[in-house]
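Each chain, written out:
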Amino acid sequence: MKNITIAIDGFSSTGKSTLAKQLATKLNYIYVDSGAMYRAVTFYAMQNHFISKNEFKIEALIAKLTEINLKFKFNPELGFAEIYLNDVNVEREIRTLAVSELVSSVAEISEVRKMLVEQQQEMGKNKGVVMDGRDIGTVVFPYAELKLFMTASAETRAKRRFDELIEKGDDVQFEEILKNVQHRDHIDTTRDDSPLIKAEDAIEIDNSNLTKTAQFELVYAIVLEKLN
Ligand code: CDP
């Protein structure tokens with residue numbers, strides 16, 4: 001069977017990564033969570049005091065970008081790859097609300113985007129990849145054979161993220177999660193460099209009322225058509 005590139009873009013908490021992992025497992029493809037890369041750079045910037053709620057030393061971060069080494073290592077127990085920042089597994093640390101609150105500001109910086117997009121293109125150069133993010137179908141893989149654009153209402157998405165964080169034991173309020181989701185939607189769709197937009201040839205999927213299984217079945221049928 002031929003290998004294709006599957007690009008999944010969409011707003012925060014639209015279930016992109018769940019769908020991407022399901023597809024990668026079923027097709028035996030590589031799954032790349034591009035958001036994890038932006039989150040890891042943000043975590044690095046926080047650790048080095050380049051960014052906080054009150055200030056952002058953009059030039060200082062740009063000067064240190066060459067010292068950031070990101071790697072994905074497949075974890076067979078979890079069934080997907082975890083991200084390592086300078087050889088340390090930061091999968092847990094990058095998913096906190098503290099990182100979510102700052103990541104879209106870091107993702108606006110063109111130097112950061114250029115570095116990460118190059119790495120993403122390298123990871124996908126042999127196809128057989130499912131990548132999710134905000135600019136995958138528009139910038140990273142404009143020639144992807146299949147592009148999906150996922151949407152759901154802000155409330156539905158905030159509820160999903162809230163449940164996830166509570167499950168992990170984080171102490172968060174629904175209102176702050178909703179605010180974060182709306183704030184990131186705003187920055188991600190209005191930034192100058194690679195804003196989140198639906199690629200012309202992307203298939204839009206509103207999954208507000210779809211179960212994970214129903215969504216997977218719907219998309220897998222489309223994938224099979226592309227493979228034939
Ligand atoms: O939390 P969620 O799953 O919604 O987001 P994510 O995929 O982990 O991405 C976190 C943030 O990284 C987004 O809100 C964007 O600001 C940024 N991002 C981006 O700019 N481009 C990408 N390809 C992926 C993420």
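What counts, and where the lines are drawn
Residues numbered from 1 in each chain as written. Predicted model: local features only at pLDDT ≥ 70, side-chain atom pairs only at ≥ 80, totals over all residues. Heavy atoms only, no water. Helix = DSSP H or I, 4+ residues; strand = E, 2+ residues; numbered from the N terminus. Polar contact = N/O pair within 3.5 Å; in protein donor to acceptor, adjacent residues only side chain to side chain. Contact = heavy atoms within 4.5 Å. Near = heavy atom within 4 Å. Areas by Shrake-Rupley, 256 points an atom, 1.4 Å probe, with all protein chains shown as cover. Buried < 20%, exposed > 50% of the residue type's maximum accessible area, 1.4 Å probe, protein only. Pairing = 2+ DSSP bridges.

Draft legend 1. Highlighting the side chain of Ser100. Note that Ser100 resides in helix α4 (residues 97-106). Here the side chain of Ser100 touches Arg39 through a polar contact of 3.2 Å, side chain to side chain. Leaving out residues up to four positions away in the same chain, Ser100 has contacts with Arg39, Asn180 and Arg184.

Draft legend 2. Local environment of the site of the ligand. Near the ligand lie 18 residues; those nearest to it are Ser12, Arg39, Asp135, Arg161 and Asp188. A distance of 2.9 Å separates a nitrogen atom of the ligand from a polar side-chain atom of Ser34. Between the ligand and the protein, one listed contact pairs an oxygen atom with a side-chain N or O atom of Arg113 at 2.8 Å. Within the complex, 95% of the 530 Å² of free accessible area of the ligand lies under protein. Looking at the shell around the ligand, the elements with two or more residues in it are α2 (34-47), α4 and α8 (174-190).

Draft legend 3. Summary view of the pairing of strand β7 (residues 146-151). Of all 6 residues in β7, 6 are buried; the element is thus mostly enclosed. Covered by surrounding structure in β7 are Leu146, Leu148 and Met150 together with Lys147, Phe149 and Thr151, the residues of both alternating faces. Both strand β1 (residues 5-10) and β7 contribute to a ladder of 5 bridges, which runs parallel. From the neighbouring strand, Ile8 faces β7, where its bridge partner is Leu148. As defined by bridge partners, β7 adjoins strand β8 (residues 203-206) across 4 bridges and the pair is classed as parallel. Residue Phe149 lies in a different strand from β8, and its bridge partner there is Glu204.

Draft legend 4. Inspection of the environment of Gly15 at higher detail. By secondary structure assignment, the location of Gly15 is in the loop between β1 and α1 (16-27). With 137 residues separating them in the primary sequence, Gly15 and Ala152 have C-alpha atoms 9.1 Å apart. Setting aside chain neighbours within four positions, we find Gly15 in contact with Met150, Arg160, Asn207 and Gln215.

Draft legend 5. Focus on α4. Counting buried residues along α4, 7 of its 10 residues qualify, which places the element largely inside the surrounding structure. Among the residues of α4, Leu97, Val99, Ser100, Leu102, Val103, Ser104 and Val106 are the ones counted as buried. At its buried positions, α4 is contacted by α2, α3 (58-64), α5 (110-123) and α8.

Draft legend 6. Just unusual backbone geometry, in detail. Positioned with a positive phi, Ser13 is a non-glycine residue whose angle comes to about 55°. The topology assignment puts Ser13 in the loop between β1 and α1. Take Ser13: its relative accessible area is 8%, and that puts it in the buried class. Backbone geometry places Asn28, a non-glycine residue, at a positive phi of 60°. In this fold, Asn28 is placed in the loop between α1 and β2 (30-33).

Interpretation in functional terms is not warranted from these geometric data alone.
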